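The lines below spell out each chain.
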Amino acid sequence: MAITKDDIIKALEEMKLTELNDLVKAIEDHFGVVAAAAVAAPAAGGADAAPSEVNVMLTNPGGNKVAVIKIVKELTGLGLMDAKKLVDGTLPVAIKENVKVEEAEEIKKQLMDAGASVDLK
């Protein structure tokens, strides 16, 4: 029986972060490649140059909602109940607006490490 994409995704969801890291290293070694995030080159003429400020959008709090709420509380300065309302409300929702790209990437990493799905817009 062939393994489907869904089977692989389900197996990856059940893995711990360290196990995923080991898997990526094994794939890199086996295939002689390096897993790196793709970097989009600016379009000719600079019309679509990367923005210097973005909004951090929470698209899904994930399975560990309590950890995500605590991070949102810390990042926004909101009280615990207000942070919970923000996370439990209509998604996607802006967690931080008009922040520098570097700061937004750090915020995204914190939220994703807690299990949330995040977009930068």
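Note that the coordinates shown come from a computational prediction; the quantities given were computed from them, not determined experimentally. (Residues numbered from 1 in each chain as written. Predicted model: local features only at pLDDT ≥ 70, side-chain atom pairs only at ≥ 80, totals over all residues. Heavy atoms only, no water.)

## Side note on the confidence of the model for the chain
The predicted coordinates ought not to be read in detail in places where the model reports low pLDDT. Averaged over all residues, the pLDDT of the chain equals 83, while 86% of them reach at least 70. At the low end of the mean pLDDT range in the chain sits helix H2 (residues 17-31), at 83; at the high end sits helix H3 (residues 65-76), at 91. (pLDDT = per-residue confidence, 0-100. Helix = DSSP H or I, 4+ residues; strand = E, 2+ residues; numbered from the N terminus.)

## As for the pattern of salt bridges
Counted according to the given criterion, the structure contains three salt bridges. Residue Asp 88 is joined to Lys 65 by a salt bridge in which the shortest nitrogen-to-oxygen separation is 3.1 Å. Within this pair, whereas Asp 88 is found in helix H4 (residues 80-88), its partner Lys 65 is found in helix H3, the two being separated by 23 residues in sequence. Using a relative accessible area of 35% as the deciding quantity, one classes Asp 88 as partly exposed. Looking at Lys 65, the relative accessible area reads 35%, which means it is partly exposed. With its nearest N and O atoms 2.8 Å apart, the salt bridge here joins Lys 109 to Asp 113. Residue Lys 109 and its partner Asp 113 are both found in helix H5 (residues 101-113); the two are separated by four residues, about one turn of the helix. The pair Lys 109 / Asp 113 is uniform in exposure class, with both members exposed. Residues participating in the shared-partner salt-bridge network are Lys 65, Lys 84 and Asp 88. (Salt bridge = Lys/Arg side-chain N within 4 Å of Asp/Glu carboxyl O. Buried < 20%, exposed > 50% of the residue type's maximum accessible area, 1.4 Å probe, protein only.)

## Some thoughts on the nonpolar core
With 19 residues, the main nonpolar core has Val 56, Leu 58, Val 68, Val 72, Ile 95 and Leu 111 as its most contacted residues. Secondary structure elements with two or more residues in this core: strand S1 (53-60), H3, H4, strand S2 (93-100) and H5. Contact partners of Val 56, with chain neighbours within four places excluded, come to Val 93, Ala 94, Ile 95, Lys 96, Val 99, Ala 104, Ile 107, Leu 111, Val 118, Asp 119 and Leu 120. (Core = buried A, V, L, I, M, F, W, Y, C linked by side-chain atoms within 4.5 Å. Contact = heavy atoms within 4.5 Å.)

## Quick word on the packing of H3 against H5
Interaxial distance between H3 and H5 falls to 9 Å at its minimum, and their mutual angle equals 155°. Put simply, H3 runs roughly antiparallel to H5. Like other packed secondary-structure pairs, H3 and H5 cross with a definite hand, here right-handed. For the pair H3 and H5, the contacting residues are Val 68, Ile 71, Val 72 and Leu 75 in the first and Ile 107, Gln 110 and Leu 111 in the second. Tallied by class, residues from the contact of H3 with H5 come to six nonpolar, one polar and no charged. (Axes fitted to C-alpha atoms, helices over the stretch in contact; angles between N-to-C directions. Parallel < 35°, antiparallel > 145°, perpendicular 65-115°, else oblique. Left-handed = near helix turned anticlockwise from the far one by under 90°. Nonpolar A, V, L, I, M, F, W, Y, C, P; charged D, E, K, R; others polar.)

## Some thoughts on a nonpolar patch on the surface
Residues Ile 3, Ile 8, Leu 12, Leu 23, Ile 27, Phe 31 and Val 33 make up a contiguous nonpolar surface patch of roughly 640 Å² in combined accessible area. Mapped by element, the contributors of at least two residues to the nonpolar patch are helix H1 (5-14) and H2. Among the elements that take part in the nonpolar patch, H2 stands out by supplying three residues, more than any other. In this fold, Ile 3 is placed in the segment before H1. (Patch = residues over 30% accessible without salt bridge, like charges linked within 9 Å, V, L, I, M, F, W, Y side chains within 5 Å. Areas by Shrake-Rupley, 256 points an atom, 1.4 Å probe, with all protein chains shown as cover.)

## A word on the sheet that holds strand S3 (residues 117-120)
Backbone-to-backbone hydrogen bonds join strands into a sheet, with any given pair of strands oriented parallel or antiparallel. One open sheet accounts for three strands, arranged S2-S1-S3; its pairing is antiparallel. Two strands close off the open sheet at either side, each with one partner strand: S2 and S3. Mean inter-strand twist for the sheet, computed between neighbouring axes without regard to direction, equals 25°. (Pairing = 2+ DSSP bridges.)

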